[in-house]
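Chains, contacts and geometry: an overview
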Amino acid sequence: MCGIIGYIGNKKAPPILIESLKKLEYRGYDSSGIGVISSRDNRLVFRKTKGKISDLCELMKSQPLPEATCGISHTRWATHGEPNRINSHPHLDGSGKFLVVHNGIIENYETLKESLIKKGHKFLSQTDTEVIPHLIQEYYRGDFIDAVKKAIARLKGAFALGIISSNHPDILIAARIGSPLIIGLGKGENFIASDVPAILEHTRKVIYLKDEQLAVLRREKVEVYGFNGKIIKPEINKVSFKVDSVEKQGFPHFMLKEIHEQPAVIQRMLNAHLRKESISFPDIGLSDDELKRVKNIIIVACGTAYHAGMVGKYLIELFSKVPVTVDLSSEFRYRSPIIPAGTVILPISQSGETADTLAAVREAKVRGAKIISICNVVGSSLARESQGVLYTHAGPEIGVASTKAYTAQLCMLYLLALKLASLHKALPAREIKNIAKNLKGIPAVLSRILKDKHLISRVAKRNSHYGCFLFLGRNLNYPSALEGALKLKEISYIPAEGYAAGEMKHGPIALIDEYRAVVCLVNKSDIYEKMISNIQEIRSRKGRVIAIATNSDLNIKKHAADVIYVPETGQLLSPLTVALPLQLIAYYIAVKRGCDVDQPRNLAKSVTVE
Ligand code: AGP
């Protein structure tokens, strides 16, 4: 996934293009570039470099751009071609008249490139993107918009594009299929961006460009067309969230800030959906009668969202007796899934732009299934392709490692499971009421855990030298163990594996020795004794045990080298409480190891390519 910015107006373009691009760096950060139309002579001038946007700024200091009021910029997560200067965006055509930035994958680029080379085009990079400016050059006969339309008609795959031309200094063109692109509407200026936070300080009026739409931005107006050439009257949205949600607000990292936002996020969700004992989902897209007739649910998701979905399975089946299967989106989409009548597909995605989850949804829709998604980004592709959306409204999550989005997804799944339990009359009303009451106590519990973060930091640093971690949990906390392992590995690069504790003896126990640390989720529950047995098996092989346990448990101190206590909330709500220590263990170990916590190597915030 990459980040795109475009600007056309009357202010100096380079500072706007760079400052806005910095707010998209979480989308990809292995190389970056900027291109402008010189106000003096309309020449296209660009700078690009391997590395972060800070490296691009250094380059611009030594090689300043000319005065310009129109331009594009790009931060890259490499797909085709290694991260280096030549492969970074923007890309130029052979005539030097067209400059393009791109997010996505052009699946048929090789055939296009071969045919263009046969016509004499010369390519500099290994990227798929470079075929786009050359195609525009090929079709250009004086009409810029027409040439772009013809060029994108040849493309297969996913793309969000920003395009400028030295022949048309008063136009910035944007187009999209499958990758997000937003148009920001200003006074005498207009913007394009891959995500809203990037342009919030300039405008709150945005158009979420839809698939197969092309926008022509001038200083005074924006026109939107379908790829079929028909002009469209787009919906203009007012963005509600505040600018500070995309600033660190004094925290050293976005990830730590977002970990601390979790009590407030959960509180907001409970206030929005849980009034007295009734649970409401205004945008669910299905009536209570339709929800009563739901026969089974298939959850599709990736990464952290998949782990939330695994917890969701336990909850929905336990509370409502509705059968649930959970599938990795990347597996679901290729296994010719059986989707019986009465099935609801429940995709879970923070960004709403994950290519595999979008593809899984499209696969399910072809088979006639209803789609209710759990999503954090309003107007995202997933939201638009669903019949109903359960928005988590966790605010922008900038840290690549998902934290507040995860607990928000969990909270939404608790609420959905309770709603279905009530409609399917699967639980007595007093039990639903009791669970709802305990759920309301979670924000305070999370705040209490955060107050002890210095204790968690101490345990994390004491164990940060271990070269390999295992995370073990059972039942509702088996997914928590998977999530804890993912958090650690993706920001500290330490090999870490999550496992169902009962599976230890079926192989993983061979790993245990004095060089392994094992995080055990051993909160008070009906499987507590089983977890203690697992811990004893580990200790008898000299494994280092770090336990996440319930406050009242003094017994655990006999078994574990380190204990992190969380308040008693009962087994049912424990995935919400153990999530924070797991996030903080990963965070403090990664910081201790000097890793780039917010922008870990090789990763991007949302994987909008396959
Ligand atoms: C989580 O920390 C990772 N960054 C990653 O696994 C992420 O959860 C996954 O890519 C799914 O993203 P989505 O929720 O935006 O679909």
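See the structure printed just above.
**Examining the packing of helix H13 (residues 404-423) against helix H14 (residues 429-440)**
Closest axis-to-axis distance for the H13/H14 pair is 11 Å, and the angle between their directions is 165 degrees. Viewed along their axes, H13 and H14 adopt a mutual orientation that is roughly antiparallel. Of the two elements, H13 crosses H14, and the hand of that crossing is left-handed. Contacts between H13 and H14 involve Tyr414, Leu415, Leu418, Ala421 and Ser422 on the former and, on the latter, Ile432, Ile435, Ala436 and Leu439. Among the residues making up the contact of H13 with H14, the classes are represented as eight nonpolar, one polar and no charged.

**Focus on the site of the ligand**
Lining the immediate surroundings of the ligand are 14 residues, of which Ser349, Gln350, Ser351, Thr354 and Glu490 lie closest. The contact in question runs from an oxygen atom of the ligand to an N or O atom on the side chain of Ser349, over 2.7 Å. Thr354 places a side-chain nitrogen or oxygen 2.5 Å from an oxygen atom of the ligand. Look at the ligand: alone it shows 410 Å² of surface, and the protein chains cover 90% of it. Residue assignment for the shell around the ligand shows that the elements contributing at least two residues are helix H9 (303-320) and helix H17 (478-492).

**Section: the pairing of strand S1 (residues 3-8)**
For S1, a buried count of six out of six residues is recorded, marking the element as mostly surrounded by other parts of the structure. By the bridge criterion, six bridges tie S1 to strand S4 (residues 68-76) in an arrangement that is antiparallel. Looking across to S4, one finds that Tyr7 is bridged to Gly71. Inspection of the sheet shows S1 paired to strand S10 (residues 190-193) by four bridges, in the antiparallel sense. By the bridge assignment, Gly6 is partnered in S10 with Ile192.

**As for the packing of helix H7 (residues 262-273) against H13**
Axis angle and axis distance: for two packed helices, these are the angle between their axes and the distance between the axes, and together they describe the pair. Orientation of H7 relative to H13, taken along the N-to-C sense of each, is 25 degrees, at an axis distance of 9 Å. For the element pair H7 / H13, the angle class is roughly parallel. Judged by the twist between their axes, the crossing of H7 over H13 is right-handed. Only Lys404, Thr407, Ala408, Cys411, Met412 and Leu415 of H13 make contact with H7, whose side of the interface consists of Gln262, Val265, Ile266, Met269, Leu270 and His273. In terms of residue class, the contact of H7 with H13 is built from eight nonpolar, three polar and one charged.

About the cut-offs
Residues numbered from 1 in each chain as written. Predicted model: local features only at pLDDT ≥ 70, side-chain atom pairs only at ≥ 80, totals over all residues. Heavy atoms only, no water. Axes fitted to C-alpha atoms, helices over the stretch in contact; angles between N-to-C directions. Helix = DSSP H or I, 4+ residues; strand = E, 2+ residues; numbered from the N terminus. Parallel < 35°, antiparallel > 145°, perpendicular 65-115°, else oblique. Left-handed = near helix turned anticlockwise from the far one by under 90°. Contact = heavy atoms within 4.5 Å. Nonpolar A, V, L, I, M, F, W, Y, C, P; charged D, E, K, R; others polar. Near = heavy atom within 4 Å. Polar contact = N/O pair within 3.5 Å; in protein donor to acceptor, adjacent residues only side chain to side chain. Areas by Shrake-Rupley, 256 points an atom, 1.4 Å probe, with all protein chains shown as cover. Buried < 20%, exposed > 50% of the residue type's maximum accessible area, 1.4 Å probe, protein only. Pairing = 2+ DSSP bridges.

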